[in-house]
Every structure is written in C-alpha cells, then in structure tokens.
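# Residue-level structure breakdown
Single-letter residue listing:
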Amino acid sequence: MSVLIDIILAILAIYLAFQSLLAKRLTQTVFIFFAFGLALALAWVRLGAIDVAITEAAIAAGFMGVLFLDALRDFSPRTSNNQEKTEAAKDIFSKKNTKSLLLPRVALVLGLVLFLLISLEAIWNIPDGGGLTVSVETMLPESGVEHPVTAVLLNFRAYDTWLEIGVILLGLLAIFATGGIKLYLKPDVPAQDILLRQVILFFTPILFLFGAFLLYIGKSGPGGAFQAGVLWAAIGILLHLGGKPVFSMIPRWLGQLLLTLGLGFFLLLGFILMAGGATLFEYPPAYAGVLILIVETLAAISIAAALTAIFANLNQMQEKPNDIESTT
Amino acid sequence: METYQIYSLTSAVLFVIGLGGVFISRHFIKKIIATIIMGGGVFLSFVSFAERDALTFADPVPHALVITGIVVAVASAAFALALARRIYQLTGEESFTKDK
Amino acid sequence: MTDLLTSPYPALLVGLPVLLATLSLFFRTRGKALVGLLGCLLTAGLAIVAFIEVAQHGTVIHILGGWEPPLGIMLRMDSLAAVFIGMTAVVGVFISLYAWQYFRADESGPGEFPLFWPLWLFLWAGLNGLFLSNDLFNLFVTIEVIGICAVALAVLSGKTTAMFAGLRYLLAAITGSMAYLFGVALIYGSTGTLDLGLLGQVLEPGTTTTFALLVITFGLMVKMAGFPFHFWLPPAHSAALAPVSALLSALVVKGAFYILLRLWMEVFGVSITYAAGQLIGLAGAIAVIWGSWQAFMQTSLKLIVAHSSVAQLGYLLMIFPLLILAPGVTADSADWLSPAWTAGIFQVIAHAFAKASFFLSAGLIIMALGHDRIESLRDLVGNMRITAMAIGLAGVSLIGLPPSGGFMAKWMLLKGIFLSGQWWWAPVVLAGSLLTAGYVFMLLRLAFAPAREMGTFKPVPKSLEIVALILALGSFLIVFPADYMIQFLESTGVFGSGIESIVEGGAYGND
C-alpha cells in the first residue's frame, strides 16, 4: 500500500517536471513548477526527511515560486499573446532549417535516453555504503544539540553551512552586479490596498512567531536557521508588497549589518575559537548548544534580510524595456 | 521494491529531464526551471540513500547536504532569474538567439 | 592522517578574504575599493606565508570543527595546493593593483565598479577553499561560490553582450555543478564518505563508480570549458571588464581543472581505463586545434585572447592520457610521469601569467582606442611601447618559444609524449604552437606596421602598462625556480604519480 503511494508520487513528480518544461504558456510553467516543488516536498516527507521537506517547500518551491511569479509580470504579456504567433511565424520562416535542427535534437534525445538507462543501472546496482549514521549517533552527545540534522549542519559540517550563508549573500551581490538596481528606493507606493494591509497585519506576527518556533525547535527536531530565515523573509516580502520596503525604512548601516551579521559572526566566532587554540568552528562541547543557537539566530536574520533584498531587487525590474514598442 | 529504490530511480529520471530541459528549452525561465529540476533529482538521490542507511534515524548527513544544496541552488537560480529579467529589460529578448 | 601538522593557515586563507569582503560592504564607493585592495594585499601576503610554511614543514592540515573525516571536513594544504594558492596570490595581487588604477582612471577609464572588490575577494576565498578542500561536497560549495562570483564579475560591465554571455555562463556553470553533485550523491551512496583520502582507499570499481566518474567529469569539463563544452567561454571572457577577463581566464577555469586532476589521480583510479584517458586527451587535442584556429580567425583582440584560452586549456587536458598507464606498466617504470606533471603545472602557471597580461594589455588598448578591432593596432609600438612589449612577451609564452614558461610546459609535454610512446599527440602540440604563432605574429606585425593616421591613441596610465608587462615577464621568470618547484611538488604523493590501469574496466570503462 505504502509502495503504491510512493509510486504515484514518483510518477506525479516526473509528470510535473515534464509538464513544466513542455507547457505552452509561461504562467502554466510557473504554476506547474510550484506543484512540482510541493510534490518533491511530499517525497521528502515519505523519505523521512522533514527538515528537507520544510526547506524545499519554503525556499525551493515557496521563495523561488514567488520570484518566478513576480517575473511573470515581465515576461507573460509577450509570451501569452505573441509567443504562439511568433513561434508559428518562426516555423514558417525556418521550414528549411527544421531538417538541420531535427538531427541534433534527435541525437540529443537519444543520448539522454541512453544516459538515463545507464544512470538507472548505476543507481540500481549501487553498493550499500552504509552512510554515516553510526558516526553521527556516536558523536551526537558532544555536538550540543539533540537533532542529528542540526548537529551535522551547525557543528560537524559547520564549514559548509558557513559558506552556504555566504552564498546567499553572494547571490544578492551578484544580483546587484546585473545593474539597474537601487536597494534603497524610496517608499513611494502607498499601501492603498486595505485587504493587503490586513493580510500583513495578520500574518506578520504569525510568521515571526512560527519562524522563531522553528528556530528554537531546530535544537531537538526538524527546523532551524534556514527554515526560520525564509519565514522571516516572508514578512519582509509582504511588507515590500504593501509599499513598505524594509531597506528604505531603516538606516543604511543597519541594513548592511542585518545582511552580513550571520556570515560575519559565524566567522568571527570561529576565529575567536581559533585564537583559543581550537580549529575553526570547533565549539567547546559545554557551550556548543548556546553558541549554535546564537549562530543560528543571527544566520536566520541574515538569511531573511538577504532573501527580502533579493525579492525587493527583482521586484523592481518591472519597467518595460525601452525599445519593445519599436520592435513589436 | 522498497521506498528508497523508487525514489532513487525517480531521481535519475528527474536529473535527465532537467539536463535535457537545459539544452532543449528556449525560454530563459524554462532553462532556469530545468536546472532546478536537475537539482531536485540530485537531492532526491541523496535523501533516498539516507533512507536506505537509516538505523535509529535516517542518515542525517545527506539531509544536511541537501539543505545546503537547495539553498545554494536557489541562490544561483535567483541570480540567473535576475540576469534573465535584466536582459529582457534591456533588449526584450526572452531566449538566446543564434547570433548572440 | 593525524601525523600531519595542524596549522591555522588553511582556515585563514578562506576566512580572511571573506571577512574583508564582508567588511568592505559597509563602505561606499572609494572606501570599498580601498578596503578591497587592502584585503587583496593581506590575502596575498597570507598566501605567501602559508606557502613558506608548507615549503618548510610539508603538508599541513586543518580539521574543521575538530571533527575528523568522514564525519567532518578537513582542509589540506599540500605542495600542489600550495603552488596553486601561491599562483593565485601572485597573479591576483597584480590584477588587483591594475584594477585599482584602472577603475580610477578618470577620462577614458570604464568608471568605478565598487562591487568588483567584494566579489573578487569572495572569489579569492572560493578559489583558496577549492584548492584546500578535501571533501567532495565541500568542493561543490566552493565551485558554486566561484561560479556565482565569476558570473557576477563577468556581467559587471553592464553591457548587453556581457549579460547574454553571463547568463549562458551561469546556466552552464549550474548544469556543470549539478552534474558534479549527482556523481557525489552516487559516491556517497556507495561508500558513505566524502573525504578524498578515504575515498581513494575504499572506492570499489563497478558500474556506479564509473557512472559517477562520468557525470563528475562531464560537470567539471563544462566548468573548465573543455571541448566540446567550451561554447560559453569566449563570449563571457571577452565581454567582461579587463581585470575581470584576466581573473576569469587566468584563475577561475583552473579551479575546475584542479578538481578534475585531483579526483582522477587520487580518487577514481580504480575505474579509469586507458581509453578514458585517450578520450580526454582527444577532447584536449581538438580544443587546441579548434581554439587556436578560431583565435586566428577573430578580428577583435579580446576575442582572440578568449579563444586562445580554449586552446591553452586543451593542453591541460592532454596530460591526462600520459598519466594513465597502459595495462602492464607500473608507475615506477614510467619515466614520463614526472615530465607530464611538470608540463601540466607549468602550463597552468605560465598560462595564468601570460593570459592575465594579455587581457590587461587588451584593456589598455581599449582604453586608448575605445575599441579593440585589430586593424587599429597599427603602430602600437610607437604609441604604447610597454603594452606592445607585454603583448609580445605574453604571446611568446603562449606559443611556447624559449625561454618562456610556456616553452617549458610544451617541451615537457612533448618529452612526456615521446617517452610514453604516445607519439600521436605530438603533431597536435606542434600544430597548436604554429597556429598560436600565426595569431601572435599577426598582432605583432600590425603593432610594428606604420600608422595610417596619426593621434588616435589616447594616453593611458604608465603604471597600468607596467603591471601588464610585469605579468608578461612573470611568465618567463617562473622558469628559474623550476627545479626547486618540481622538487617541492614531488614532496606531495600525488605529483608524479600515475594511474595503473586495470584490465577489467567494467562495461562502461570508456569515459
């Protein structure tokens, strides 16, 4: 019975992945992608990876879905109205090109099918490596937390997690690098939408409390900095949509501090421990629990700030291209 | 067939769909989504092996790796989306044309 | 593992640039540049100190969090890592000095790009982290850091062509890292460890291992622009700002090569066959010919230099077939391993210096002319003598004429080829050099040709020209410590080692 559920879920995920790439309209693509993310989250639950499920639902499906939805305002008018026409036109114009394009495509698809067959065999015949469950279980009492995933993330492999917090900040910096962006734009859009304001008023405390709960529970169960950070980022995104861009309302230095706090404190703590003769991120077992909670809280704040800023910046990219009228 | 086997096989299928999508899809957004689907496949294989290696609890190391991986993938995808939107803003193009 | 010396340097080499990059975010335009430059100097200094430490005490390690592998992550700085880190430091510090002056040049300069500094410092941290990493998954995180930084730097100029090229680069980079990660998942699933050292001991040959090797190699080939996945490199490298082009081609692509080399030599020995090496070598050979030919056909300077990168990276792939021994040959009897390794390392370093110099010179020419179409290079010698000299010297090193570092690399490669009896690679090396000579001498002929019109060259800061010249000279000076460097590298087990091929390579033995 349970195998049946898994098979249905697996087929659903594959179907949705296919459909999101094959869908004719971009809107469909984005919504099917969102559904795909949720299907994957269910798969994580079935595999007993609750932390991963929350992360997937919150960041990969949720946050990314919101970014794609926001992007639809740019792309969709052209795609929904003109895409089919232009594609039809292209077909007419490129009748003679079709043949030359067909062969590499067929070769590519055949290659992919072959690749798939080999990968299926490779996965089917995979030797049982045993994993690291035993090592984690032995060392868990020294890690300062009770939840094994949190122990791995913030103690055993803290270095990876530190770099990952850096990657989120880098993602934001990279978005700045594309240009045409003002982080500190003036809050010129008044929140005239009463419903939106009510939604914000209602959700802000709930999101905040739920985020704090996830952060605290990460010590002993599924949850932690990333999940909490995304929930807090949702507050920032809601405020932004309500015409209150967070980064414009706080002083510049405070914004920068919020963005860099997680990465900076994590590293400085590591350096301080190193100065005391330990290696980087080597927490003394007695204080590990407290230190991890502080690191996680600050990391969650920085993640929330960075995700909010990423959304805010992408949200500004809504002006129509200048030459679009002349070309169409 | 056990649960982990179903999902580990699914992971290969998702990876290949994503890989194909990156090459075949034309629209920027679809290419970006294809990379996320690829990532989904990879992460699914990690977690399915974690389930296989479960004792009192599932192997937490792949779970942690996947959480890291998801966040890293989302940061890259958000950057790619920003670039795609910026290109659209500057030129009105939604896909790579042959001469670019 | 515990008998190696624990040292704080590996952790500092990653931590310090990140700390300074974070700090620089708090400053405005000029302050960012100042903190950034200071950060570059400090990081370079630290790298040199760490290099000396390794030279004196041998391999040093840093066990992060005090958790030994396989549970934790270990940083390991052996002589190979030290050489790459040292190269990054020396080339990086000159590019930083150039960038500092280049972005401040008032009239003809491109303007100020304050974001360059934090991104470059993050990139530096990522590169150091990659060279030091001893963990498959951590390598993934570092290549992602490098990938995001590299693309962000590449699009910094804000030009539309740079945006297109950047998105293509980014999509290729993400695809490459996901393929790499898929291989890592399979390896973890079949062994339960991510540590390179442990994997080298426990990895069993079989379908899964071979397939993992295949996807990992595919992913890294995409990342290092190996043929046939080089399509993203020329547009991305040529559309970027001059210091960025220099960073991308001198340092960033070497990261993926470094992982490929390490994984093939240290981890996947059990599933690599002679044929797989030949296939990689073939990809390299095609890249050498194709890239050089494309470079020869271009009409703008930066595109010439960018296509030349594809060719020069091809030489790096050509050492792989030499390092994999035919069945029945043991590593002790294979006297071509040391020349092949030397060729690889010197190709990496000489190319880093020469290509950085070439791109920085191209940036100066754009500054002087406003564009880089090569027909306008007439009388470059009369107008920008130092830049012309830099281009000439860098070109000589790329061709591989004596006494340059490039000559040493190509000479050693030929020596390895003949000693190993794989003579079929030799014509490729020679043809590549001839084609390279073709485009370099075409540039020099134009540079010496008399001008048709007067006064098109705007003056450029002398200091910038001198930095470009120093880097070009660097590609010659590296020959002097060659003996010492080879000795130093031989203290690492991996240098000079080969893969003793097994006869039964599995059903998918071919790469």
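Residues numbered from 1 in each chain as written. Chains lettered and ligands numbered in written order. Predicted model: local features only at pLDDT ≥ 70, side-chain atom pairs only at ≥ 80, totals over all residues.

This part is about the interface of chain A and chain B. On the side of chain B, 67 residues touch chain A, which itself brings 74 residues to the contact. Top contributing element to the side of chain A that touches chain B by residue count: helix α3 (residues 50-93) of chain A, with 14 residues. Across the side of chain A that touches chain B, the residue classes tally to 48 nonpolar, 14 polar and 12 charged. (Contact = placed C-beta atoms within 7 Å. Helix = DSSP H or I, 4+ residues; strand = E, 2+ residues; numbered from the N terminus. Nonpolar A, V, L, I, M, F, W, Y, C, P; charged D, E, K, R; others polar.)

What follows deals with the confidence of the model for chain A. Residue and element names in this part refer to chain A. Across chain A, the average pLDDT comes to 83, with 84% of residues at 70 or higher. Looking over chain A, one finds the lowest element-wise mean pLDDT in helix α13 (residues 324-327), namely 32, and the highest in helix α7 (residues 158-177), namely 94. For residues 78-97, every residue scores under 50 in pLDDT, and the model assigns this stretch 6 contacts once sequence neighbours within four places are set aside. Counting interchain partners and residues more than four positions distant, the pLDDT-below-50 stretch residues 320-328 has 8 contacts. (pLDDT = per-residue confidence, 0-100.)

Our focus in this paragraph is the interface of chain B and chain C. One widely used convention gives an interface's size as the accessible area the parts lose upon coming together. At the junction of the two partners, chain B supplies 28 residues and chain C supplies 21 residues. Per-element accounting of the side of chain B that touches chain C gives the leading share, 15 residues, to helix α3 (residues 60-91) of chain B. Here the side of chain B that touches chain C is built from residues that sort into 18 nonpolar, 7 polar and 3 charged.

Residue and element names in this part refer to chain C. One open sheet holds the 3 strands; their spatial order is β1-β2-β3, and the pairing between them is mixed. Among the strands making up the open sheet, the edge pair consists of β1 (5-6) and β3 (74-77). In the sheet, β1 pairs with strand β2 (residues 60-63) via 2 bridges, with the strands oriented parallel. Residue pairing in the sheet places threonine 6 in a bridge with isoleucine 61 of β2. (Pairing = 2+ DSSP bridges.)

Glancing now at the nonpolar core. A general feature of soluble globular proteins is that nonpolar side chains tend to end up buried together. Core analysis: the largest hydrophobic core is formed by 376 residues, its most contacted members being Leu153(C) and Ala154(C). In terms of residue count, helix α14 (residues 337-369) of chain C provides more of this core than any other element does, 22 residues in total. (Core = buried A, V, L, I, M, F, W, Y, C linked by C-beta atoms within 7 Å. Buried ≥ 20, exposed ≤ 12 C-beta atoms within 10 Å, placed from the backbone.)

Bringing the environment of Tyr98(C) into the picture now. All names here are of chain C. Position of tyrosine 98 relative to the elements: it lies in helix α3 (residues 79-104). Owing to 28 C-beta atoms within 10 Å, tyrosine 98 belongs among the buried residues under this scheme. Residues tyrosine 98 and leucine 360, spaced 262 residues apart in sequence, show a C-alpha to C-alpha distance of 7.9 Å. Excluding its chain neighbours within four sequence positions, the residues that come into contact with tyrosine 98 are Pro243, Leu360, Leu464 and Val467.

What follows covers unusual backbone geometry. Between Pro69(C) and Pro70(C) the backbone carries a cis peptide bond, its omega angle lying at 10 degrees. In this fold, Pro70(C) is placed in the loop between β2 and β3. Look at Phe281(A): it is not a glycine, yet its phi comes out positive at around 65 degrees. In this structure Phe281(A) comes out as buried when scored by C-beta crowding, with 29 C-beta atoms within 10 Å. Positive phi, normally seen in glycine, also occurs at Asp379(C), with a value near 60 degrees. Here Asp379(C) shows up in the loop between α14 and α15 (380-383). Here Asp379(C) falls in the buried class, since 20 other C-beta atoms lie within 10 Å of it.

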